[in-house]
Structure formats: C-alpha cells, structure tokens
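Breakdown of the fold
As a plain string of letters, each chain reads:
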Amino acid sequence: AGGTEENVNGVTNTEQVVDNNTCPITLELFEDPGFCTGDGQTYERSAILRHLERSTISPVTRQDLVGAQIVPNYHARTSADSLRHGPAPEGRSMET
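Residues numbered from 1 in each chain as written. Predicted model: local features only at pLDDT ≥ 70, side-chain atom pairs only at ≥ 80, totals over all residues. Heavy atoms only, no water.

1. Digging into the overall build of the chain
Looking only at helices and strands, the chain features 3 helices and 3 strands. Approximately 6400 Å² of the chain is accessible, and the part contributed by carbon and sulfur atoms is 49%. (Helix = DSSP H or I, 4+ residues; strand = E, 2+ residues; numbered from the N terminus. Areas by Shrake-Rupley, 256 points an atom, 1.4 Å probe, with all protein chains shown as cover.)

Right, here's the structure in full:
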C-alpha cells in the first residue's frame, strides 16, 4: 500500500498522469491546452496551430483535420497546473 505502482507495461501511475497532461507535439506539460475537434486530441494550442499552418494531417492519428477547430481544454489546464503547482485552494480555479 502507498508508493508508486507500475501497470502491466511497467509504467508508473505518476508517469501515466504526466503523460496524460503532456502535449504529444512538444512533450511538455500543458500551459494553454487546446482540444482539436478533428481528432479528439489535446495539444498545446500554439504547437497545434503551428502544425496546422504546415499540414492538415493530425500528428497523432493521421486523420485529415480540414475544418477542425481548436477549443480550450480547461480540464487539461487545471490538471497540468495541479502537477506544476499543486491543487488550487478549494472553491478557486487556477484560471487566469
């Protein structure tokens, strides 16, 4: 009990949480995550917008992203901020 547990792939729970809060393009914790409606993935907003200037193909799923929108992903932002700074005081969002 307690401590860090590994899953069947040898990945720790902590590594999995960090991976879920990391941009697949920059490999950094999210600061301004955007959800892409074309492939269902979350990216760092600036990284996916730069990618879309060069290509309409998803860097993760290889789907065509023509017409896709990038919308804020507040849950991913709050989660990444909690990893970076600890949880926000109760009743207060980490939004800026």
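2. Some points on the pairing of strand S1 (residues 33-36)
In this structure, S1 lies alongside strand S2 (residues 42-44), joined through 3 bridges in antiparallel fashion. Its bridge partner lying in S2, Phe35 is registered against Thr42. Taking the residues that link successive antiparallel strands as the turn, the S1-S2 hairpin has 5 residues, and the phi of Gly40 there is positive, at about 75°. Sheet topology places S1 next to strand S3 (residues 70-72); 3 bridges connect them, and they run antiparallel. Across the sheet, the residue bridging to Gly34 is Pro72, located in S3. (Pairing = 2+ DSSP bridges.)

3. Some details on the nonpolar core
Within the largest apolar cluster, 10 residues are counted, these being Cys23, Phe30, Cys36, Tyr43, Ala47, Ile48, Leu65, Ile70, Ala76 and Ala80. Among the secondary structure elements, those contributing two or more residues to this core are helix H2 (45-54) and helix H3 (74-85). Apart from residues no more than four positions distant in its own chain, Ala80 is found in contact with Asn21, Leu29 and Phe30. (Core = buried A, V, L, I, M, F, W, Y, C linked by side-chain atoms within 4.5 Å. Buried < 20%, exposed > 50% of the residue type's maximum accessible area, 1.4 Å probe, protein only. Contact = heavy atoms within 4.5 Å.)

4. Side note on the environment of Asn21
Looking at the element boundaries, Asn21 is found in the loop between helix H1 (13-20) and S1. Spatially, the C-alpha atoms of Asn21 and Ala76 are 6.4 Å apart, while their sequence positions differ by 55 residues. Leaving out residues up to four positions away in the same chain, Asn21 has contacts with Glu28, Leu29, Phe30, Ala76, Ser79, Ala80 and Leu83. Here the side chain of Asn21 touches Ser79 through a polar contact of 2.7 Å, side chain to side chain. (Polar contact = N/O pair within 3.5 Å; in protein donor to acceptor, adjacent residues only side chain to side chain.)

5. Examining the side chain of Glu44
Residue placement: Glu44 occurs in strand S2. One buried charged side chain, Glu44, makes no salt bridge at all; its nearest oppositely charged neighbour is Arg84, positioned 7.0 Å away. A polar side-chain atom of Glu44 sits 2.8 Å from the main-chain amide nitrogen of Glu31. At a separation of 2.9 Å, a polar atom in the side chain of Glu44 contacts the main-chain amide nitrogen of Asp32. With sequence-adjacent residues up to four places away left out, Glu44 is seen in contact with Cys23, Thr26, Leu29, Phe30, Glu31, Asp32 and Pro33. (Lys, Arg positive; Asp, Glu negative; His and termini not counted. Salt bridge = Lys/Arg side-chain N within 4 Å of Asp/Glu carboxyl O.)

6. Thoughts on the pattern of salt bridges
On inspection of all chains with the given rule, the structure shows 3 salt bridges. In this structure, Asp32 and Arg45 form a salt bridge, with 3.4 Å as the shortest nitrogen-oxygen distance. Placement of the pair is Asp32 in the loop between H1 and S1 and Arg45 in helix H2, with a sequence separation of 13 residues. For Arg77, the salt bridge identified is with Asp81, shortest N-O distance 3.9 Å. In this pair, Arg77 and Asp81 both sit in helix H3, 4 residues apart, roughly one turn of the helix. Across this residue pair, the class does not change: Arg77 and Asp81 are buried. Beyond isolated ion pairs, a larger network of salt bridges with shared partners links Arg77, Asp81 and Arg84.

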